[in-house]
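Results of the structural survey
So you can see what is in the structure, the chains are spelled out below.
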Amino acid sequence: MYALVDCNNFYVSCERVFAPQLEGRPVVVLSNNDGCLISRSDEAKALGLKMGEPYHLVRPLLMQHQVRVFSSNYALYGDMSRRVVQVLSHFAAGVEVYSIDEAFLDFQGMRLLAPDLLAYGIRVCETVKQHTGIPTCVGIAPTKTLAKLANRLARKQGTGGVLLLETPAQCQEALALAPVESIWGVGRRYARKLKEMDINTGAQLAALPEHWLRRHMGGVVGQRLWRELHGQPCHDWNPVEWDEADHQLPTSHASRHSAVCTRSFGRPQHEPAVLAEAVATFAAKAAEKLRRHGLVAHLVTVILGTDKYAPVAGPSTYTAAIALPRATSNPTLLTRAALDGLRQLRRPGVAYHRAGVLLSGLEPMGQAPQLDLFTAPAPDHARSEKLTATLDSLNARFGRQLVRLAAAGVTKDAEGNDQQPVWAGRAAHRSPLYTTRWDELWQVS
């Protein structure tokens, strides 16, 4: 048996933990650059607010109904997600993090410790709520696909936010209630194809022969879907192990193919110095991800984007790739390569709306390097690695990106305090970093 734990309206729930007076009131969270709605409370959904609606278009409705608006605060949401997973790790032998607000639990063999899985799932919800303040729903079923379905139905039809699909009859009843497009693994193209054949529910899909799904829905992928719908687990299990000493989820390079940092600017930028500071900042952050996952990169790709809605022909996104003679996670080398890519891309007078740095060609750190035939090893490699380790240690102790390369720029106000760079995205409604910055800790008076 598997359980899928899903945090309800996760970003909104994170904000409400530190603003409990917002319980029962409509709340929305905006995307990067305060662009559109990406999380809505149930009260906001009842007002007709849709996911992805542009903020500037729905602002009059938000003001009319006194909807509380927050800019996205990903540092807070990421830390709250980590806390939820830490609680979940005490309830199952294995936890697989599926997304920032979802995780699978391995309930195989749990009958010995918890004969009543429904009651056990309710206990999971109650404990997560008590320890983190985040409301959740739990779907329990023999396969991951059916657990996703059970979770989807749990909020409305479950007991205490939990729905258990244990018998074939229970699974069949749930499938009959599920539109075919809501089944995990059925994308838009397949959903359209199935509906054209008058296959509208999960039960109708499961009733098709196994060989039909194999032939018409992606070969072995369709076959796995059919078996999952019939209670036969086929999806891989990729658990994480909780590191109690570091109080964080360990990172693995097994499933990571790139490290990227991209941002939209608060307003269009064309000044070379401003663009260079932004790209240098993104390169350093992407390099930090590499080191956190124990990886090094062979290729640096710089991304620049113009206004994609401008009424002009041609692409709005441009890229330049810089191959490195030796794989590295050193921020100095990666930043230097990224700035070389920027110089290749930037066109005088062109206003850019977004930029980013993508690091790829990854391999585990410490692996014997394959050197270029005509390139000698860097004589100061050991010194450079020691400097990088010191930089990481200082930032881990005193705050992320507190110590950084001069190329990333430092903006100060008249009193010497750090200011947001001119290229920073809009975040007019961001809440404090309650759990990750000492100077923004939640204060109770």
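Described in the following lines is the structure provided in the data block. Note on numbering: residues in each chain are counted from 1, in written sequence order. Totals for whole chains, interfaces and linings use every residue, but because this is a predicted model, local features are given only for residues with pLDDT of at least 70 and side-chain atom pairs only at 80 or more, for both listing and counting. Hydrogens and waters are ignored; side-chain quantities use all the structure's heavy atoms.

**Quick notes on the pairing of strand β5 (residues 95-99)**
- The rule for pairing is simple: two strands pair if DSSP sees at least two bridges between them. Each helix corresponds to a stretch of at least 4 residues labelled H or I by DSSP, and each strand to a stretch of at least 2 residues labelled E; elements are numbered beginning at the N terminus. Relative to strand β6 (residues 102-106), β5 runs antiparallel, the two being bridged by four bridges. Bridged to Val-97 within β6 is Ala-103.
- Between β5 and β6, which pair antiparallel in sequence order, lie two residues.

**Comments concerning the sheet that holds strand β1 (residues 2-7)**
- Pairing in this open sheet of five strands is mixed, and the strands run β5-β6-β1-β7-β8 from one edge to the other. Looking at which strands have only one partner, the edges of the open sheet turn out to be β5 and β8 (162-164). This sheet shows a mean twist of 15° between the axes of neighbouring strands, independent of strand direction. Here an angle of 0 to 180 degrees is reported between the N-to-C directions of two axes, which are lines fitted to C-alpha atoms, with helices fitted over the stretch in contact.

**Let's talk about helix α8 (residues 188-196)**
- Here's how the labels work: a residue is buried when its accessible area is under 20% of the maximum for its type, exposed when over 50%, partly exposed in between, all with a 1.4 Å probe on protein chains only. Looking only at α8, the buried set comprises Tyr-190, Ala-191 and Leu-194. Looking down the long axis of α8, one finds its buried residues gathered within 100° of arc, a one-sided arrangement. α8 presents Arg-188, Arg-189 and Glu-196 as exposed residues on the side facing more than 90 degrees away from its buried surface.
- Any two residues whose heavy atoms approach within 4.5 Å at even a single point are treated as in contact. On its buried face, α8 sits against α9 (202-206) and α10 (210-216).
- Of the residues flanking the end of α8, it is Asp-198, one or two places downstream, whose phi is positive at about 65°. Of all possible arcs, the one meant is that of the directions from the helix axis to the C-beta atoms.

**Some remarks on empty space enclosed by the protein**
- A 1.4 Å probe that fits into a set of points on a 1 Å grid over the protein atoms alone but cannot get out defines a cavity; an open set with protein on both sides within 12 Å along at least five of seven lines defines a pocket, and lining residues are those with an atom within 4 Å of a point. Grid points are joined across faces, edges and corners, and a volume is the space filled by probe spheres set on the points. Evaluation of the coordinates by the stated rule reveals two cavities of 30 Å³ or more.
- Roughly 50 Å³ of internal volume is contained in the second largest cavity.
- Around the second largest cavity, the lining residues are Val-5, Cys-7, Ser-81, Val-84, Val-85, Leu-88, Val-97, Ser-99, Ile-100, Asp-101, Glu-102 and Ala-103.
- Residue assignment for the lining of the second largest cavity shows that the elements contributing at least two residues are β1, α4 (74-88), β5 and β6.
- Of all the elements, α4 adds the most residues to the lining of the second largest cavity, at four residues.
- Broken down by class, the residue content of the lining of the second largest cavity amounts to eight nonpolar, two polar and two charged. For this classification, Asp, Glu, Lys and Arg are treated as charged, while Ala, Val, Leu, Ile, Met, Phe, Trp, Tyr, Cys and Pro are nonpolar and the rest, including Gly, are polar.

Keep in mind these values describe shape, not function.
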